[in-house]
Amino acid sequence: MKRLIILAAIGVLGGTLHAGGHAKAPVLDSKAPVVVDKTPIEECVDIGGQITAGYETDYVFRGYKVAHDSVWGDINYQLELGGFTFNVGAWYLNSINPSPPNATPAQGGSSNGLGNNYDELNLYASTGVNILGVLDAEVGYVRYIFPETGAGQTGEIFASFEANLFDIITPQVLIAYDHVLDGWYYQAGIEKQIQVLDNIGIVLGAGVAYSDNYFTGVLPAFGQDSGWNHYYLTASLPIELNCRATLTPYVGYNGAPDTWVVDGAFGPSGQQTDFIHGGISLTVNF
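It should be emphasised that the depicted structure is a prediction, and the values quoted were computed from it without experimental measurement.

Rules behind the numbers
- The numbers attached to residues start from 1 for each chain and follow its sequence in the written order.
- Residue-level local features of this predicted model are given only where pLDDT is at least 70; pairs of side-chain atoms are given and counted only at 80 or more, and the full residue set underlies all totals for whole chains, interfaces and linings.
- In computing side-chain properties, one takes all heavy atoms of the structure into account and sets aside hydrogens as well as water.
- Helix and strand labels come from DSSP, where a helix needs a run of H or I of at least four residues and a strand needs a run of E of at least two; each type is numbered from the N terminus.
- Burial classes follow relative accessibility: with a 1.4 Å probe on protein chains only, a residue under 20% of its type's maximum area counts as buried, one over 50% as exposed, and anything between as partly exposed.
- Throughout, the Shrake-Rupley method with a 1.4 Å probe supplies accessible areas, and for residues the shown protein chains are the sole cover considered.
- What is meant by a nonpolar core is a set of buried Ala, Val, Leu, Ile, Met, Phe, Trp, Tyr and Cys residues, joined one to another through side-chain atoms within 4.5 Å.
- What counts as a salt bridge is simple: a side-chain nitrogen of Lys or Arg found within 4 Å of a carboxyl oxygen of Asp or Glu.
- Here a strand pair is declared whenever DSSP counts at least two bridges between the two strands.

A. Quick look at the overall build of the chain. Along the backbone of the chain there are 1 helix and 15 strands. In the chain, which comprises 286 residues, the share counted as buried stands at 38%. Counting every atom, the chain has about 15200 Å² of accessible surface; 64% of that belongs to carbon and sulfur.

B. Geometry of the nonpolar core. Residues Y59, F61, V66, W91, L93, Y118 and Y185 are the most contacted members of the largest nonpolar core, which totals 21 residues. It is strand β3 (residues 64-67) that provides the largest number of residues to this core, a total of 3 residues.

C. A look at the pattern of salt bridges. Overall, the coordinates contain 1 salt bridge when judged by the stated rule. The partner of E156 in a salt bridge is R62, and the shortest N-O contact between them spans 2.5 Å. Of this pair, E156 sits in strand β8 (residues 154-163) while R62 sits in the loop between β2 (59-61) and β3; the two residues are 94 residues apart in sequence, bridging distant segments of the chain. The two residues E156 and R62 agree in class, both being buried.

D. Geometry of unusual backbone geometry. Residues other than glycine seldom take positive phi values, yet L132 does so here, at roughly 60°. Considering the arrangement of structural elements, one finds L132 in the loop between β6 (119-131) and β7 (135-145). Phi at F166 takes a positive value of approximately 55°, unusual for a residue other than glycine. Counting through the fold element by element, F166 comes out in the loop between β8 and β9 (170-178).

E. Seen up close, the pairing of β3. Of the pairings in the sheet, the one linking β2 to β3 comprises 3 bridges and is antiparallel in character. Within β3, the position partnered with F61 by the bridge is Y64. A loop of 2 residues connects β2 with β3, the two strands running antiparallel in sequence, and R62 in this loop sits at a positive phi of about 55°.

F. Summary view of the environment of Y177. Considering the arrangement of structural elements, one finds Y177 in strand β9. For the pair Y177 and E156, spaced 21 residues apart in sequence, the C-alpha to C-alpha distance is 5.4 Å.

So, to be careful, I would describe these as geometric facts and stop short of saying anything about function.
Now the structure itself:
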């Protein structure tokens, strides 16, 4: 999910408790050694909570560069019940190193004309289920709030699907509907996970998106707002610091031909394609 992305992307770690004790082997004679159970006892107990904090060079939402240097945080709780998972949370982002409104990208401004004076609060809830141990399906709702910019709120219903194909590759599909602006967004991608060390992996991703009036009334569109939206490439390096914490640096590429929405619909407001962005996040489970 941002996620919904957020992901782009990004994105997704916890610990379990194994109870055990120490016991002696039967003594067969006076010289028999005492055998001690050396099974490690896991100290981390995961009750479903998660906190994440991060920094990114560019906040990219649905392929659109919304703001430059930004810090963000997320807190959520997940409950498993009757074969379903239920998740609720809040995500907040605020741009830093502010620049004047309408500053050009060369002057450090954002391409949406808001400068870096941007913040966003997302409140979300979802439910998911695993089907046959292969397909993860999730449906949910996100409320988008913009406290500092004074922009109106909007809301989005989404559904996502992710399949694990023999631990080789993971196809992903996202469908989102903004019920306030009556716009649709579709994204399809693939992800490949490679284990480098016991606690370090590489996650590679690629995908393409299509939008149908999704940005209408929200961003300063100068042209058509329906069609192929953008394509993306991502690479992240999740590093498991311990059974609770994971540090994840990432880098991404955003692109679109001239006739695609993200490049063609926003006219001379700034570069929206062919740029590299990156960031880092720290996730703690509890």
